[in-house]
Amino acid sequence: MKKVLVGALIACLTLGLATVAFAGTEISTSGAIEFTVSGTSDGASGLFGAGDVLIDYNVVATSGPWKAVVSPEFDIGGDDFCECDAYIDYEGEAFTLRLDPTGISNAIFDIYSYKADDELNMKGNPGIKLTIPMEGFSFYVVANNQDDGEGNTVFNFGGGVDFSMDSLSFGLKFNSDSVESSAFYGTSYGAKVEYSAGALSLTGEYGAWNPKEDTLEAGSGYFFKMVYTLAGGDSLTLQYKSSDENLNGLTSGPTDHAYSQIKGVYSHSLAENVTCSFEVASTDNGYDEESVTTWKAKLSISV
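Within any chain, residue numbers begin from 1 and follow the written order of that chain's sequence. Local features in this predicted model are restricted to residues whose pLDDT is 70 or higher, and side-chain atom pairs enter the listing and the counts only when it is 80 or higher, whereas totals over whole chains, interfaces and linings include all residues. Water and hydrogen atoms were dropped before computing side-chain values, which therefore reflect all heavy atoms in the structure.

### Remarks on the overall build of the chain
Defined as follows: Going along the chain from the N terminus, every DSSP run of H or I of four or more residues is numbered as a helix, and every run of E of two or more is numbered as a strand. C-alpha atoms define the radius of gyration in this analysis, and the globule rule sets the expected value at 2.2 Å times the number of residues to the power 0.38. Contacts are assigned to residue pairs with any non-hydrogen atoms lying within 4.5 Å of each other. Computed with the Shrake-Rupley method and a 1.4 Å probe, the accessible areas treat only the protein chains shown as cover for residues.
Per the secondary structure count, the chain includes two helices and 18 strands. Relative to the 2.2 N^0.38 estimate, which gives 19 Å for 303 residues, the radius of gyration of the chain is 21 Å and therefore close to what a compact globule would have. If you line up the chain on its principal axes, its C-alpha atoms span 55 × 55 × 45 Å. Excluding contacts between residues fewer than 6 apart, the proportion of contacts in the chain whose partners are at least 24 apart in sequence is 44%. Accessible surface, the chain: about 16,700 Å² in total, of which carbon and sulfur atoms supply 57%.

### Describing the side chain of Ser277
Along the chain, Ser277 falls in strand β17 (residues 274–284). Aside from chain neighbours lying at most four places away, what touches Ser277 is Val265, Tyr266, Ser267, Lys296, Ala297 and Lys298.

### Notes on the packing of aromatic side chains
For clarity, the threshold we go by: In this scheme Phe, Tyr and Trp rings, the latter by its six-membered ring, pair at centre separations within 6.5 Å, and the angle between planes marks the pair as stacked below 30 degrees, edge-to-face above 60, and tilted otherwise. Only protein chains enter the accessibility calculation, which uses a 1.4 Å probe; a residue whose area is less than 20% of its type maximum is buried, one above 50% is exposed, and one in between is partly exposed. Note on criteria: charge over ring means Lys NZ or Arg CZ within 6 Å of the ring centre, with the direction from the centre no more than 35 degrees off the ring normal.
Considering all chains together, one arrives at 12 aromatic pairs under this definition. Ring centres of Phe155 and Phe157 lie 6.0 Å apart, and the angle between their planes is 15°; this geometry places the pair in the stacked category. A residue is classified by how much of its surface remains accessible, and Phe157, at 43% relative accessible area, is partly exposed. Aromatic ring contacts, followed pair by pair, group Tyr112, Tyr114, Tyr259 and Tyr287 into a single cluster. Between the NZ or CZ atom of Lys129 and the centre of the ring of Tyr140, over which it lies, the distance is 4.6 Å.

### Some words on the nonpolar core
What counts is decided by this rule: By convention a nonpolar core is built from buried Ala, Val, Leu, Ile, Met, Phe, Trp, Tyr and Cys residues, the set being connected through side-chain atoms within 4.5 Å.
Counting 10 residues, the largest nonpolar core consists of Ile108, Phe109, Ile111, Leu120, Phe184, Trp209, Leu216, Phe223, Leu247 and Leu250. Filtering out sequence-adjacent residues up to four positions away, Ile108 remains in contact with Leu120, Lys173, Phe174, Asn175, Ser188, Tyr189, Gly190 and Gly207.

On their own, these measurements won't tell you what the molecule is for.
Written out as structure tokens, the structure is:
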């Protein structure tokens, strides 16, 4: 992991220096610091800790149809000190071509697997993305390749379609992961619907995974979220996500039972850029016999 992060940081710094030669360079910074108090039903409660302690830099350089973006994120309070997003865009009249040297993938929205501890996806690696935007509609495809460990080059492909009209938006995504060592080895797809009306917004998602291993079976999962904005800017969020035994275990084989989590979050603004929130979640990870209840209170300041 450290080698990967160091490599990503070097790539970011290299691209960052390269942007000096571009005209119209813009540099912006942002950050956040969070202090948390948390607890769990199967462990200690009232523990002080760090949430996000982040410093973000965003460098955007343009020259004609070309654009370079370098965006390193330093997570002072986390396990991984630095992550970096960096890419080169060519914006044509009818398309945008992205070259991403730090790794490109295509998460199937918020569809989750406990075994991967990540959204349903394809294995990321340096690659390209082609986007064709139109009014109220856009289509994109992504591709990366890598050595399969036996001297062969294998390709991963993905894509998606987005529609929007008035208060409704729709999304479709698909992936084909050809790396046998990948947790997502196989094909996957998903759909997303969002609706907003005044203070209320609703999100519904469905995703499915079809393994390429004959000994494994297909799996699926769901994600639902409701956000209600109260008077004064406070918000209440209710969220539920689940994945069946096959999606939850992916290529490691099915888990003992399905994964599920229900979570509620109340957020209150204390001042400009200062927010406090309280969340409670009940999680069944698909392995343990009983679900675990966790809670967290958080004070966040962003700049």
